[in-house]
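Geometric and topological summary
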Amino acid sequence: APIAHLACHGTFRVDHPMFSSLELGDGPLMVYDLERMSSAPDVVVLSACDVGRAEPRPGGEILGMANAFFALGTRTLIASAGPVPDSAATRRLMTDLHRRLADGARPADALAAAKAGLGDEDDEHVLRCSFTCLGWG
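Our subject in this report is the structure included herewith. (Residues numbered from 1 in each chain as written. Predicted model: local features only at pLDDT ≥ 70, side-chain atom pairs only at ≥ 80, totals over all residues. Heavy atoms only, no water.)

This part is about the sheet that holds strand E5 (residues 43-47). Within the open sheet, the four strands sit side by side as E1-E5-E8-E9. Their pairing is mixed. Strands at the two margins of the open sheet, each flanked by one partner only, are strand E1 (3-7) and strand E9 (131-135). Along the sheet, successive strands turn relative to each other by an average axial angle of 15°, direction set aside. Summarising the sheet, E1 and E5 pair through five bridges and their orientation is parallel. Within the sheet, the bridge partner assigned to Ala4 lies in E5 and is Val44. Across the sheet, helix H2 (residues 65-72) lies against E5, strand E8 (76-80) and E9, angled at about 165° from E8, the strand it touches most. Sheet contacts for helix H5 (residues 122-130): E8 and E9; angle to E9, the most-contacted strand, approximately 15°. (Pairing = 2+ DSSP bridges. Helix = DSSP H or I, 4+ residues; strand = E, 2+ residues; numbered from the N terminus. Axes fitted to C-alpha atoms, helices over the stretch in contact; angles between N-to-C directions. Contact = heavy atoms within 4.5 Å.)

Judged by nonpolar contacts, the single largest core of 19 residues is most densely connected at Leu22, Leu34, Leu46, Val51, Met65, Phe69 and Leu77. Looking at this core, the elements that each hand over two or more residues are helix H1 (31-34), E5, H2 and E8. In terms of residue count, the dominant contributor to this core is H2 (five residues). Contacts of Leu22, omitting those with residues within four sequence positions, involve Leu6, Cys8, His9, Gly10, Gly27, Pro28, Leu29, Leu46, Ala48, Val51 and Met65. With 14 residues, the next largest nonpolar core counts Ile78, Val84, Leu97 and Ala114 among its residues. (Core = buried A, V, L, I, M, F, W, Y, C linked by side-chain atoms within 4.5 Å. Buried < 20%, exposed > 50% of the residue type's maximum accessible area, 1.4 Å probe, protein only.)

With that settled, consider the side chain of Thr74. Inspection of the secondary structure assignment puts Thr74 in the loop between H2 and E8. Thr74 gets classed as buried once you look at its relative accessible area, which sits at 4%.

Viewed as axis vectors pointing N to C, helix H3 (residues 88-102) and H5 meet at an angle of 45°, and their least axial separation amounts to 8 Å. Relative to H5, H3 is oriented oblique. As H3 packs across H5, the resulting crossing turns out to be right-handed. On H5, the residues touching Ala89, Thr90, Arg92 and Leu93 of H3 are Asp123, Glu124 and Leu127. Considering only residue class, the contact of H3 with H5 consists of three nonpolar, one polar and three charged. (Parallel < 35°, antiparallel > 145°, perpendicular 65-115°, else oblique. Left-handed = near helix turned anticlockwise from the far one by under 90°. Nonpolar A, V, L, I, M, F, W, Y, C, P; charged D, E, K, R; others polar.)

Structure representation (structure tokens):
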């Protein structure tokens, strides 16, 4: 698939980024699990708390969920570096994002426009601040 969207719970482990995970129905999908995949979609949307974060290591290496997807060939990752409320605002943001992607917008432009359409409620402010587009947007 050219686009994958995972809406789930996420955990970023500062102490050991390779154990950062996405909580799926059959158990956690860890960063090190991703490294065993042969390929990944061009665009990945992770609607999960904190999985857009990364941890720099000695020697300049940066570890986290995003880097694992990029190593597999993903060109663009949309993810949150903070909390993702389980709310109507998140559903509206993701629906608007995908509508814009389906209409041909570049991922970074689609995310920016979808975030601009959010209101001033607390959940919406959190979403505007947390989600970012990484890669070749």
